[in-house]
Amino acid sequence: MFPWQTSNWKNLTGSHLSKRLAHGLLFYGAAGIGKKAFAVEFAHWLLCEQPLADKACGKCKACQLIQAKSHPDLLNIYPEEEGKAIKVDQVRELIQKVSLTSHGQGYRVIIISPADALNINASNSLLKTLEEPPANTVLMLISDKPSKLMATIRSRTQMIRFELPEEEQSLQWLKHQNIDKAELLLKLSAGAPLAAATMAEIEALQIRDKLFNNWQELANADTDALESAAMWIKEGFKIVGNLPLNWVSSWILDILRILQGGHTESVLNMDYEQTLQNLAGQVDLKSIYGLLDRVNDTIRLSGTSANQQILVEGLLLHWAGLKRS
Ligand SMILES: [Zn+2]
């Protein structure tokens, strides 16, 4: 487990040892802090024949089956396509499997991730299993948006909160992984260390630099907004998903902080501080609030079937057309 998860681990393994482990567990908390990895590790520990205090033994038959990804009592449910729903057929298939007796003597573990991807039919189907779980079966639901789960699902699970680690602990961990610019990456990831590590892995900072330079050129009317949008899609969104929208939102919030006379240490994009100061000098508070609304709308619409190209064009045109002094 990750160093910031030791108390979750102690509580859950303790519940198991005193035979109080709930049949339905909902692991929730911010994205990018390792909830899924924890669930997988805890599942291994439950299935292991000779578990140690803090991990599975790695040697027994169960552990070998897990390492070969062929343990029959460990079931994973996730969307067939990333970002899409978990369908009712997947849950039905699961229920059919768990209605058969488990293969080993011990537990059967089902991991559903992300649980907020369960659509209504799938949720209803799962509900019955949560109400009357077969013996020795543990369901682990994982979500960073637990409010999106059906209330009846939430009420039938034990909710286990995963806290955001302390900044110091996250930085230490990131540095231990030999990740450069850990502080900046962590800030841009809202304090979630695994999200920061993923950003490093996909070299997202280079993409961010490229987009920020373009953003700056747009402000100076040095480039065309529609051509820029095409570049953002091709070299940004296609590689790092919707991260650029979060970045734009953070640039605007930084400009707002500067306009409102905030201390420079409150600026999140510390590497862009000077440029952001200059940009803040050209715009007024009201138009920046208007732009912020626009970004929030774009973020909301980006989760729908709206055309991404049109959304990005609209956002960049708005920024380029902002009245400047
Ligand atoms: Zn083992």
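Attention here is on the structure that accompanies the text. Note that this is a predicted model, so its numbers are computed, not measured.

A closer look at the pairing of strand β3 (residues 108–112)
Phase 1 of the analysis: Burial runs high along β3: five of the five residues are buried.
Phase 2 of the analysis: Here β3 shows two buried faces, one formed by R108, I110 and I112 and the other by V109 and I111.
Phase 3 of the analysis: As paired elements, strand β2 (residues 74–77) and β3 share four bridges and run parallel to each other. Bridge pairing links L75 to I110 in β3.
Phase 4 of the analysis: The pairing of β3 with strand β4 (residues 137–143) spans five bridges and is parallel. Note on β4: the bridge partner recorded for R108 is T137.
Phase 5 of the analysis: Once you follow β3 into helix α5 (residues 120–131) and on to β4, the crossover reads as right-handed.

Focus on the coordination of the zinc ion
Phase 1 of the analysis: Protein-derived coordination of the zinc ion comes from C48 (SG), C57 (SG), C60 (SG) and C63 (SG), at a distance range of 2.2 to 2.4 Å.
Phase 2 of the analysis: Note that the zinc ion binds four donor atoms; their angles at the metal cover 103 to 116 degrees, and the shape is tetrahedral.
Phase 3 of the analysis: All donors of the zinc ion belong to a single chain; written as a sequence motif, their spacing is C-x8-C-x2-C-x2-C. With C48 in the loop between α2 (35–47) and α3 (61–67) and C60 in the loop between α2 and α3, the pair connects residues that are 12 residues apart, well separated along the chain. Taken individually, C48 and C60 each receive the classification buried, so the pair is uniform in this respect.

Thoughts on the packing of helix α7 (residues 167–176) against helix α9 (residues 193–201)
Phase 1 of the analysis: In contact at an axis separation of 10 Å, α7 and α9 are set at 35 degrees when each is read in the N-to-C sense. The hand of the α7/α9 crossing is right-handed. Between α7 and α9, the residues in contact are S170, W173 and L174 and P193, L194, A196 and A197, respectively.
Phase 2 of the analysis: Of the residues that constitute the contact of α7 with α9, the class distribution is six nonpolar, one polar and no charged.

A look at the pattern of salt bridges
Phase 1 of the analysis: Within this structure, the stated rule accounts for 11 salt bridges.
Phase 2 of the analysis: Its salt-bridge partner being E80, residue K87 comes within 3.2 Å of it at the nearest N-O pair.
Phase 3 of the analysis: Of the residues examined, E80 reaches a relative accessible area of 59% and is grouped as exposed.
Phase 4 of the analysis: For the salt bridge of D271 with R208, the shortest nitrogen-to-oxygen distance reads 2.7 Å.

Remarks on the side chain of S228
Phase 1 of the analysis: Topologically, S228 is positioned in helix α11 (residues 225–240).
Phase 2 of the analysis: Within the structure, the side chain of S228 is placed 3.0 Å from the side chain of N214, a separation counted as a polar contact.
Phase 3 of the analysis: For S228, the residues in contact, after removing those within four places along its chain, are N214, L218, T223 and L316.

As for the sheet that holds strand β1 (residues 24–29)
Phase 1 of the analysis: As summarised here, the arrangement of the five strands in space is β2-β3-β4-β1-β5, forming an open sheet in which the pairing is parallel. Edge positions in the open sheet fall to β2 and β5 (158–162), since each of these has one partner strand only. On average, each strand axis in the sheet is inclined to that of its neighbour by 20 degrees, with strand direction left out of account.
Phase 2 of the analysis: Packed onto the sheet, helix α1 (residues 6–17) meets β1 and β5 and runs at close to 155 degrees relative to β5.
Phase 3 of the analysis: The sheet strands contacting α2 are β1, β2, β3, β4 and β5, and the helix crosses β4 at an angle near 170 degrees.

Considering the nonpolar core
Phase 1 of the analysis: With 77 residues, the main nonpolar core has F27, F42, M140, W215, W232 and W251 as its most contacted residues.
Phase 2 of the analysis: Beyond its immediate chain neighbours, meaning those up to four positions away, F27 contacts L12, K35, F38, A39, F42, M140, L141, I142, S143, I160 and F162.
Phase 3 of the analysis: If you look at the next biggest cluster of nonpolar residues, it comprises 21 residues, including I77, L94, I112 and A117.

A look at the packing of aromatic side chains
Phase 1 of the analysis: Following the criterion strictly, the structure yields 18 aromatic pairs and no others.
Phase 2 of the analysis: Between the aromatic rings of W9 and W45, the centroid separation amounts to 6.1 Å while the plane-to-plane angle is 70 degrees, which identifies the pairing as edge-to-face. Here the residue W9 occupies a position in helix α1, and W45 occupies one in helix α2, the gap between them amounting to 36 residues. Comparing W9 with W45, the two get one shared label, buried.

Some remarks on helix α15 (residues 308–320)
Phase 1 of the analysis: Here α15 spans 18 Å end to end across 13 residues, near enough to the 18 Å set by a 1.5 Å rise per residue.
Phase 2 of the analysis: By the burial criterion, the buried members of α15 are L311, V312, G314, L315, L316 and W319.
Phase 3 of the analysis: Residues of α15 that are buried make contact with α10 (204–219), α11, α12 (243–259), α13 (273–280) and α14 (285–302).
Phase 4 of the analysis: One side-chain oxygen of the residue at the start of α15 lies 2.8 Å from the amide nitrogen of Q309, identifying that residue as N307.

About the thresholds
- Residues numbered from 1 in each chain as written.
- Predicted model: local features only at pLDDT ≥ 70, side-chain atom pairs only at ≥ 80, totals over all residues.
- Heavy atoms only, no water.
- Buried < 20%, exposed > 50% of the residue type's maximum accessible area, 1.4 Å probe, protein only.
- Helix = DSSP H or I, 4+ residues; strand = E, 2+ residues; numbered from the N terminus.
- Pairing = 2+ DSSP bridges.
- Right-handed = clockwise from strand over helix to strand, strands pointing away.
- Donors = N, O, S within 2.8 Å, 3.2 Å for Na, K, Ca; no water.
- Tetrahedral: all angles 85-135°; square planar, octahedral: opposite > 155°, others 65-115°.
- Axes fitted to C-alpha atoms, helices over the stretch in contact; angles between N-to-C directions.
- Left-handed = near helix turned anticlockwise from the far one by under 90°.
- Contact = heavy atoms within 4.5 Å.
- Nonpolar A, V, L, I, M, F, W, Y, C, P; charged D, E, K, R; others polar.
- Salt bridge = Lys/Arg side-chain N within 4 Å of Asp/Glu carboxyl O.
- Polar contact = N/O pair within 3.5 Å; in protein donor to acceptor, adjacent residues only side chain to side chain.
- Core = buried A, V, L, I, M, F, W, Y, C linked by side-chain atoms within 4.5 Å.
- Phe/Tyr/Trp six-rings, centres within 6.5 Å; stacked < 30°, edge-to-face > 60°.
- Expected span 1.5 Å × (residues − 1).

From the geometry alone we can't say anything about function, so treat these as descriptive.
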